[in-house]
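# Residue-level structural notes
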Amino acid sequence: MALVPVGSPGERLEAAVWARILLARTDGTWHRLKLCREPACRSAFYDRSRNNSGVWHDVRRCGNAANLRASRARRKQRAAGAPAGG
Ligand SMILES: [Zn+2]
């Protein structure tokens, strides 16, 4: 059995993409296709982490920026005298 895209070039491309999505959903790889958590990025990526816990398309670029923002926010909160950790 084979899936053979037909139609115009655009329709064949669309059919090929949907066929890959269908295969990914059946072979367990679909849940590893993700969008980067960084709002300014939102790049699509394939999560190759062992436990499927990746959230950044590139940890050095997007993960470090997010961690730096979170660290600054915590420091600012502490400096304002707010209780840490809520
Ligand atoms: Zn990213």
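Computed from a prediction, not measured in an experiment: that's the story for all the values here.

Cys36 (SG), Cys41 (SG), His57 (ND1) and Cys62 (SG) make up the full set of protein donors to the zinc ion, lying at 2.1 to 2.4 Å. Relative to the metal, the four donor atoms surrounding the zinc ion lie at angles of 94 to 125°, and the coordination shape comes out tetrahedral. Considered as a linear motif, the donors of the zinc ion on their single chain read C-x4-C-x15-H-x4-C. Placement of Cys36 in the loop between strand E1 (33–35) and strand E2 (44–46) and of Cys62 in helix H2 (residues 59–79) is noted, with a sequence separation of 26 residues between them. Cys62 gets classed as buried once you look at its relative accessible area, which sits at 4%.

Another aspect to go through is the domain arrangement of the chain. Structurally, the chain comprises domain 1 (1–31) and domain 2 (36–86). Computed over C-alpha atoms only, the centres of domain 1 and domain 2 are separated by 33 Å.

Mapped onto the elements of the fold, Thr26 is located in helix H1 (residues 9–27). By relative accessible area, Thr26 is classed as exposed at 61%. Only 2.9 Å separates the side chain of Thr26 from the backbone oxygen of Leu23, close enough to count as a polar contact.

Counted by the stated rule, this structure contains zero aromatic pairs. Directly above the aromatic system of Trp56 lies the positively charged group of Arg37, at a separation of 6.0 Å from the ring centroid.

So, on to the pattern of salt bridges. According to the stated counting rule, one finds two salt bridges in the structure shown. Residue Lys34 is joined to Asp47 by a salt bridge in which the shortest nitrogen-to-oxygen separation is 2.7 Å. Here Asp47 lies in the loop between E2 and H2 and Lys34 lies in strand E1, a separation of 13 residues in the sequence. Among the residues examined, Asp47 registers a relative accessible area of 4% and is labelled buried.

Criteria and thresholds
Residues numbered from 1 in each chain as written. Predicted model: local features only at pLDDT ≥ 70, side-chain atom pairs only at ≥ 80, totals over all residues. Heavy atoms only, no water. Donors = N, O, S within 2.8 Å, 3.2 Å for Na, K, Ca; no water. Tetrahedral: all angles 85-135°; square planar, octahedral: opposite > 155°, others 65-115°. Helix = DSSP H or I, 4+ residues; strand = E, 2+ residues; numbered from the N terminus. Buried < 20%, exposed > 50% of the residue type's maximum accessible area, 1.4 Å probe, protein only. Domains from an automatic or database assignment. Polar contact = N/O pair within 3.5 Å; in protein donor to acceptor, adjacent residues only side chain to side chain. Phe/Tyr/Trp six-rings, centres within 6.5 Å; stacked < 30°, edge-to-face > 60°. Lys NZ or Arg CZ within 6 Å of the ring centre and 35° of its normal. Salt bridge = Lys/Arg side-chain N within 4 Å of Asp/Glu carboxyl O.

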